[in-house]
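Residue-level structure breakdown
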Amino acid sequence: MDEATLVNATVADRQAVVVKAGEGERLPVLGTQVRFLCEGAHTGRRFSMMEVTLPLDMGPPPHDHDWDEAYYVLEGDVRFQLGDESRLFTQGDFIYAPGGTLHAFKGASSTPARVLVLDAPATMEGFFREAAREITVFPRDLAKVPALGRKHQLRFRPPA
């Protein structure tokens, strides 16, 4: 597991970071893979960015939270739910979900989709790390998701 390279260019509570192709910490989270590109510790918690790989029909259940998120589809197809609406997005599409927006997404193509995810302020890392540790046996461990979400200020909702 390669770590991001910290560049000797620090401004107040922020650090320049370089993550080369194939590098960065990777975690298995709820059937997906999360690769950390820029952690909140390097941005003064202003934002974090991850690359998420979504196999077919895998992704988070409907949820909302107080922070903003933005998504850019790098490859493959992704089914997004925003509020009551569900739409298919593909390579090059961008989605912004302001804090408080009910949303969910999952891979919708035969090959895994890849999505850049930006959260502002940086909040999701703690949930991803704990989920990777605690939710390892499917479907048995899925019962832990609601309490884990509450601990990290995510409000999971029943699927529509």
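So, here's what we can say about the structure. None of the values given here were measured: they were computed from a predicted structure. (Residues numbered from 1 in each chain as written. Predicted model: local features only at pLDDT ≥ 70, side-chain atom pairs only at ≥ 80, totals over all residues. Heavy atoms only, no water.)

Describing the nonpolar core
- Ranked by internal contacts, the top residues of the largest apolar core, which has 30 residues, are Val29, Tyr71, Val78, Phe127 and Phe128.
- A per-element tally of this core places helix α1 (residues 124-134) first, with five residues.
- Not counting residues within four places of it along the chain, the set of residues in contact with Phe128 comprises Leu27, Val29, Val34, Phe36 and Met50. (Core = buried A, V, L, I, M, F, W, Y, C linked by side-chain atoms within 4.5 Å. Buried < 20%, exposed > 50% of the residue type's maximum accessible area, 1.4 Å probe, protein only. Helix = DSSP H or I, 4+ residues; strand = E, 2+ residues; numbered from the N terminus. Contact = heavy atoms within 4.5 Å.)

Topic: the sheet that holds strand β4 (residues 32-38)
- Here six strands make up an open sheet; going across it, the order is β3-β4-β5-β12-β7-β10 and the pairing antiparallel. Looking at which strands have only one partner, the edges of the open sheet turn out to be β3 (26-29) and β10 (94-97). Within the sheet, the average angular offset between the axes of one strand and its neighbour, ignoring direction, is 25°.
- Looking at chain direction, β4 and strand β5 (residues 48-54) are connected through five bridges and run antiparallel. Among the inter-strand pairings, Gln33 is bridged to a residue of β5, identified as Thr53.
- Along the sheet face, α1 touches β3, β4, β5, β7 (68-75) and β12 (113-120) and points at about 70° away from the line of β3. (Pairing = 2+ DSSP bridges. Axes fitted to C-alpha atoms, helices over the stretch in contact; angles between N-to-C directions.)

What to know about the packing of aromatic side chains
- Here the structure, examined in full by the defined rule, presents six aromatic pairs.
- Summarising the aromatic geometry, the rings of Phe80 and Phe89 are spaced 5.5 Å apart at their centres and angled 90° between planes, so their arrangement reads as edge-to-face. You'll find Phe80 and Phe89 in the same group, each marked buried.
- By way of ring pairs, the aromatic residues Tyr71, Phe80, Phe89 and Phe105 are connected into one cluster.
- One Lys or Arg, Arg129, reaches over the ring of Phe36 and ends 4.4 Å from the middle of that ring. (Phe/Tyr/Trp six-rings, centres within 6.5 Å; stacked < 30°, edge-to-face > 60°. Lys NZ or Arg CZ within 6 Å of the ring centre and 35° of its normal.)

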